[in-house]
Every structure is written in structure tokens, then in C-alpha cells.
Amino acid sequence: MFDSGVGGLSVLSACKRELPNVSFLYLDDGENRPYGDKSREEVIDISEKCVRRLIGAGCNAVVVACNTATACAVGTLRKRFPTLPIIGTEPAVKPALASSDGKVLLLATPLTAKLKEYSDRVIIGEERTLASEIERVYPNPYKLAELAHAVENKYRGFSSIVTGCTHYAHLIPYFTRPVFDGADGVAKRLKNLLL
Ligand code: DGL
């Protein structure tokens with residue numbers, strides 16, 4: 001699997017829990033960080049290079065452990081690597097909407113935020129620098145808690161949060177509202193595909 005940094009580690013943990021006997025290779029693509037403020041074409045190009053590196057290292061399935069790269073590139077990757085199982089990471093908006101009548105705050109990078117349309121019950125929290133800030137302070141729990149409280153206090157009128165960038169999963173323990181994250185869904189899809 002790959003991501004621009006520590007975000008995808010949350011997806012890795014979920015996959016390891018679901019598939020304890022599978023061996024994983026995690027590509028931290030730090031040299032291209034952050035993905036969220038690049039163009040769609042750049043992220044497609046970067047993602048293709050990551051997939052080629054993972055195939056070269058012997059991987060027989062790839063998890064795009066990044067919402068931004070999934071939103072930009074998963075369709076193109078599946079066309080370019082038609083025999084390789086490729087799983088993307090999507091924001092868990094559907095379960096969040098299904099679980100309450102209130103509004104849902106979707107936190108996402110600018111690129112993820114602009115590539116898809118959501119219902120009017122979704123408040124889009126476009127975060128330009130949050131992934132980079134998390135990258136800088138991870139794994140310091142005090143700093144992560146500060147970031148979580150700051151971002152949660154920035155928006156109004158929502159009853160749950162969707163982490164639309166895998167980096168934001170590191171803030172989950174510090175949010176005060178219910179959170180919906182895509183990592184467990186990725187792990188289940190990977191299991192169905194591999195077993
Ligand atoms: N972790 C990535 C995501 O899920 C992107 C962070 C970034 O590099 O902007 O969107």
C-alpha cells in the first residue's frame with residue numbers, strides 16, 4: 001500500500017487486523033508529499049509510479065491508502081494495471097449519513113473535496129494544511145489532540161465527522177463527536193478479494 005506519509009498507517013493497521021497472515025509492504029511516498037494540493041494529473045502520475053514500485057517489490061495486490069490518490073487515480077490505475085487487484089480508500093459518507101438525521105462534516109484535502117459531489121447534508125471541511133500538520137507532529141498525542149480540537153471547533157452545525165483523508169484518522173481518539181473512517185471498509189474489501 002502507499003500514501004504520502006503516515007496517513008495510510010491507519011489503513012495498514014486495519015488490514016493487518018483483518019488479514020494477520022498476509023505480509024504488507026508500506027510505501028511512504030515522502031518525496032511527493034503532500035498530494036492534496038497537487039493537480040489531478042500529477043497525483044495520477046505519482047500514483048502510477050508508486051504502483052510500479054510496489055509491483056517491482058513483489059506485491060500482488062495494491063491498496064491505495066490515501067483518499068486523495070483514490071479520488072484522482074484509482075480508475076486510471078485499474079485501466080493501466082488490469083490484472084492487478086487495486087483497492088481504494090473512500091470516505092465513509094454513506095454510513096455516516098445513515099446513522100443520523102443531522103449534518104455530517106466531511107474533512108478532506110482540497111483535491112478530494114473538489115472531485116466528488118455530496119448530498120446537502122454533508123458539510124465539506126476543506127483542509128489545506130491539516131495533513132501536513134499531522135505529518136509534522138505524529139505521533140505526539142498532545143499535539144494531535146490540539147489539532148483535533150482546533151479543526152472540530154472551526155465548523156458548526158454537524159453531528160458526526162467523516163475522515164476523508166487517511167492522515168485525519170490519527171485524530172480520531174481526540175474528536176468529541178462520532179467519527180466514520182474508511183479503513184475498516186478497505187480491510188474488509190481486501191479480505192474478500194484475497195481469500
Ligand atoms: N493521506 C492522504 C489522503 O488520504 C493525503 C494527504 C496529502 O498528502 O495531502 O488524502
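Below is a summary of the structure that appears in this document. For every chain, the first residue of the written sequence is number 1, and numbering continues from 1 onward in sequence order. Two thresholds apply to this predicted model, a pLDDT of at least 70 for residue-level local features and 80 or more for giving and counting side-chain atom pairs, whereas whole-chain, interface and lining totals are computed over all residues. The side-chain values count all of the structure's non-hydrogen atoms but skip hydrogen atoms and water molecules.

## Structural notes on the overall build of the protein
For the protein, the helix and strand inventory stands at eight helices and eight strands. Its C-alpha atoms give the protein a radius of gyration of 16 Å, within 12% of the compact-globule value 16 Å for 195 residues. Across its three principal directions, the C-alpha atoms of the protein cover 45 × 35 × 30 Å. Working definition: with a 1.4 Å probe on protein chains only, accessible area under 20% of the residue-type maximum means buried, over 50% means exposed, and in between means partly exposed. Sorting the 195 residues of the protein into buried and exposed places 51% on the buried side. Once local pairs closer than 6 in sequence are excluded, the contacts in the protein between residues at least 24 apart make up 66%. Here Asp and Glu are counted as negative and Lys and Arg as positive; His is not counted, and neither are the chain ends. Note on charges: their place is set at NZ of Lys, CZ of Arg, CG of Asp or CD of Glu. Measuring between centres, the 25 positive side-chain charges of the protein sit 3 Å from its 22 negative side-chain charges. Secondary structure follows DSSP: runs of H or I at least 4 residues long count as helices, runs of E at least 2 residues long count as strands, and numbering of each begins at the N terminus. For the radius of gyration, the atoms used are the C-alpha atoms, and the globule rule reads 2.2 Å times the number of residues raised to 0.38. Any two residues having at least one pair of non-hydrogen atoms within 4.5 Å are treated as being in contact.

## Section: the pattern of salt bridges
As a working rule, side chains carrying opposite charge can pair if their charged atoms are close by. Salt bridges are counted wherever a side-chain nitrogen of Lys or Arg sits within 4 Å of a carboxyl oxygen of Asp or Glu. For the structure on display, the rule yields eleven salt bridges. For D184, the salt bridge goes to R17, with nearest N and O atoms at 3.4 Å. Of the two residues, D184 sits in helix α8 (residues 183-194) while R17 sits in helix α1 (residues 9-18), which places them 167 residues apart along the sequence. Look at D184 and you get partly exposed, because its relative accessible area is 41%. The partner of R80 in a salt bridge is E48, with the nearest N and O atoms 2.3 Å apart. Here E48 lies in helix α2 (residues 40-56) and R80 lies in helix α3 (residues 67-80), a separation of 32 residues in the sequence.

## Describing the packing of α1 against α8
Between N-to-C directions, angles span 0 to 180 degrees; the directions come from axes that are lines fitted to C-alpha atoms, helices contributing only their stretch in contact. It is at 8 Å that the axes of α1 and α8 come closest, and there the two elements cross at 45°. One way to sum up the angle between α1 and α8 is to call them oblique. In the packing of α1 onto α8, the handedness of the crossing is right-handed. Mapping the contact onto sequence places S10, V11, A14, C15, R17 and E18 in α1 and A183, D184, V186, A187, K188, L190 and K191 in α8. Throughout this entry, Asp, Glu, Lys and Arg are counted as charged residues, while Ala, Val, Leu, Ile, Met, Phe, Trp, Tyr, Cys and Pro are counted as nonpolar. The remaining residues, Gly among them, count as polar. Of the residues belonging to the contact of α1 with α8, the class tally is seven nonpolar, one polar and five charged. Here roughly perpendicular refers to angles of 65 to 115 degrees, roughly parallel to angles under 35, roughly antiparallel to angles over 145, and oblique to all remaining angles. The sense of a crossing depends on the near helix, which, turned anticlockwise from the far helix by less than a right angle, makes the crossing left-handed and, turned clockwise, makes it right-handed.

## Points about the pairing of strand β7 (residues 160-163)
Neither face of β7 is exposed, since S160 and V162 on one face and I161 and T163 on the opposite face are all buried. DSSP calls a pair of strands paired once it identifies at least 2 bridges connecting them. Judged from the four bridges that link them, strand β5 (residues 104-108) and β7 form a sheet pairing that is parallel. Across the sheet, the residue bridging to L107 is T163, located in β7. Pairing between β7 and strand β8 (residues 179-180): two bridges, direction parallel. Counterpart to V162 in the pairing with β8 is F180.

## Some details on the sheet that holds strand β6 (residues 122-126)
Taken in spatial order, the four strands make up an open sheet running β6-β5-β7-β8, and their pairing is parallel. Edge positions in the open sheet fall to β6 and β8, since each of these has one partner strand only. Relative to β6, β5 runs parallel, the two sharing five bridges. Its bridge partner being in β6, L105 is matched across the sheet by I123.

## Remarks on the side chain of K38
Locating K38 in the fold gives a position in the loop between β2 (27-28) and α2. Buried and unpaired, K38 has no salt bridge, with D37 as the nearest side chain of opposite charge at 4.5 Å. Polar contacts involving the side chain of K38 include one to the main-chain carbonyl oxygen of N32, which spans 3.0 Å. Aside from chain neighbours lying at most four places away, what touches K38 is N32, R33, V43, I46 and L111. Any pair of N or O atoms that falls within 3.5 Å is considered a polar contact. Within protein, one atom must be able to donate a hydrogen and the other to accept it, and sequence-neighbouring residues count only if both atoms are side-chain atoms.

## Regarding the environment of V64
Of note, V64 is situated in the loop between β3 (62-63) and α3. When its relative accessible area of 0% is taken as the criterion, V64 is described as buried. Placed 13 residues apart in sequence, V64 and L77 show a C-alpha to C-alpha distance of 9.9 Å. If we skip the residues at most four places from it in the chain, V64 touches F2, A69, T70, V74, L77, I86, I87, G88 and T89.

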